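Structural features, examined
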Amino acid sequence: MARDVVPALADAGFGHCSTASNHVLDRGVAGIEATMAALGRAGITQSGMARDASGAEPFIRDVAGVQVALLSYTYGYNGIRPPAGESWRSNLIDPARILRDASVARSRGAQVVVASMHWGIERSHVPSDEQRRVARAVTVPGGVDLIVRQHAHVLQPIEQVNGKWVLYGLSNLVSNMPVDSRWPAASQDAALVEVAVTMGPAGVTVARPVAHPTWVDKRAGWTIRVLTPRSAARLGADARASLERTQEILDGFVVPGAAAS
């Protein structure tokens, strides 16, 4: 699967992936090795999987001259345990660990720390108490500057916690979820989010996020549609309903061009 998906990610312009998730160990160590190899061949960096203990250290990438630490964590592995002595294969969500990683990253030159969290309750648009607890714990001064992630398979809101932006859940950019009694139509909704980061005398400023609604058009071979009122009207009732759902969940963050007219 990685051999098919990864080249498409590179062609689409993705330069880094967060790979910590509840499925990290589904195919064992061989799956981790194969995924990392495929990403490496495509020139895509990643955080969230590791070949050795050093690979679990904070990853720092230069982004337009800003040193950005990209951290990645998951709530668990669906009951699968990593091999004995290899807990470093991926990273579990632990506020103390996350704060420690943020501190290490800053000591190594990181100017911005972004944490990607695989968390939440499937099909729920409402952040769980645990999500909120972790967000409060890791956005203290000197901690994480921005939290981004998913797992619920539906959109969750964007909020400020301790003055830091938290994107609780961005849903499925590409979704193979069937729309049935278990998976709602909202599992086809998602958003691409822009976040501008500036460096100034007072430190880092992370601007208000701007969300671009997307929808998986399965009628066209899982084509990802970026929705605006005009494009949604052209695509039909399902696309219009998707845009309305996204506007409701991400109220105030949707790019002006996609706002309801």
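Source: prediction; values computed, not measured. (Residues numbered from 1 in each chain as written. Predicted model: local features only at pLDDT ≥ 70, side-chain atom pairs only at ≥ 80, totals over all residues. Heavy atoms only, no water.)

Before going further, it helps to spend a moment on the overall build of the protein. What the protein contains, in helices and strands, is six helices and 13 strands. Overall size of the protein, expressed as C-alpha extent along the three principal axes, is 50 × 45 × 35 Å. Put simply, of all contacts in the protein between residues at least 6 apart along the chain, 62% involve residues at least 24 apart. Summing over all exposed atoms, the protein offers an accessible surface of approximately 12,700 Å²; the carbon and sulfur share of this is 55%. Where the 26 positive side-chain charges of the protein centre and where its 23 negative ones centre are 1 Å apart. (Helix = DSSP H or I, 4+ residues; strand = E, 2+ residues; numbered from the N terminus. Contact = heavy atoms within 4.5 Å. Areas by Shrake-Rupley, 256 points an atom, 1.4 Å probe, with all protein chains shown as cover. Lys, Arg positive; Asp, Glu negative; His and termini not counted. Charge placed at Lys NZ, Arg CZ, Asp CG, Glu CD.)

Taken together, six strands build an open sheet; the order of strands is S3-S4-S5-S6-S8-S7 and the sheet is mixed. Because the sheet does not close on itself, it has two edges, and the strands there are strand S3 (59–63) and strand S7 (155–161). If you compare each strand with its neighbour and ignore which way they point, the axes differ by 20° on average. Looking at chain direction, strand S5 (residues 112–118) and strand S6 (residues 146–150) are connected through five bridges and run parallel. Directly across from Ser116, in S6, lies its bridge partner Val148. Each of S3, strand S4 (66–74) and S5 is contacted by helix H3 (residues 95–107), which is oriented at about 160° to S4, the strand it contacts most. (Pairing = 2+ DSSP bridges. Axes fitted to C-alpha atoms, helices over the stretch in contact; angles between N-to-C directions.)

Within the fold, His151 resides in the loop between S6 and S7. Judged by its relative accessible area of 5%, His151 falls in the buried class. Every residue in contact with His151, bar those within four places of it in the chain, is listed here: Asn22, Tyr75, His118, Trp119, Gly120 and Glu122. (Buried < 20%, exposed > 50% of the residue type's maximum accessible area, 1.4 Å probe, protein only.)

For the pair H3 and helix H4 (residues 129–138), interaxial distance at closest approach is 9 Å and the crossing angle is 35°. Read as a crossing pair, H3 and H4 show a hand that is right-handed. On H4, the residues that touch Pro95, Ile98 and Leu99 of H3 are Arg133, Val134, Ala137 and Val138. For the contact of H3 with H4, the residue count by class is six nonpolar, no polar and one charged. (Left-handed = near helix turned anticlockwise from the far one by under 90°. Nonpolar A, V, L, I, M, F, W, Y, C, P; charged D, E, K, R; others polar.)

Here Val140 is to be found in the loop between H4 and S6. Counting along the chain gives 41 residues from Val140 to Leu99, while the straight-line C-alpha distance between them is 8.8 Å.

To continue, consider unusual backbone geometry. Phi angles above zero are rare outside glycine, and Ala64 is one such case at about 55°. The backbone of Ser171 sits at a positive phi, close to 65°, despite the residue not being glycine. Mapped onto the elements, Ser171 comes out in the loop between strand S8 (164–170) and strand S9 (189–194).

Its 14 residues give helix H2 (residues 28–41) an end-to-end C-alpha distance of 20 Å, which sits within 8% of 20 Å, the value for a rise of 1.5 Å per residue. Every buried residue belonging to H2 is among Gly31, Ile32, Met36, Ala38 and Leu39, and all of these are buried. For H2, the buried positions fall inside an angular range of 160° around the axis, keeping them on one side. The exposed set on the far side of H2, more than 90 degrees from its buried face, consists of Ala30 and Arg41. Just beyond H2, the residue with positive phi is Gly43, at close to 80°. (Expected span 1.5 Å × (residues − 1). Arc of directions from axis to C-beta.)

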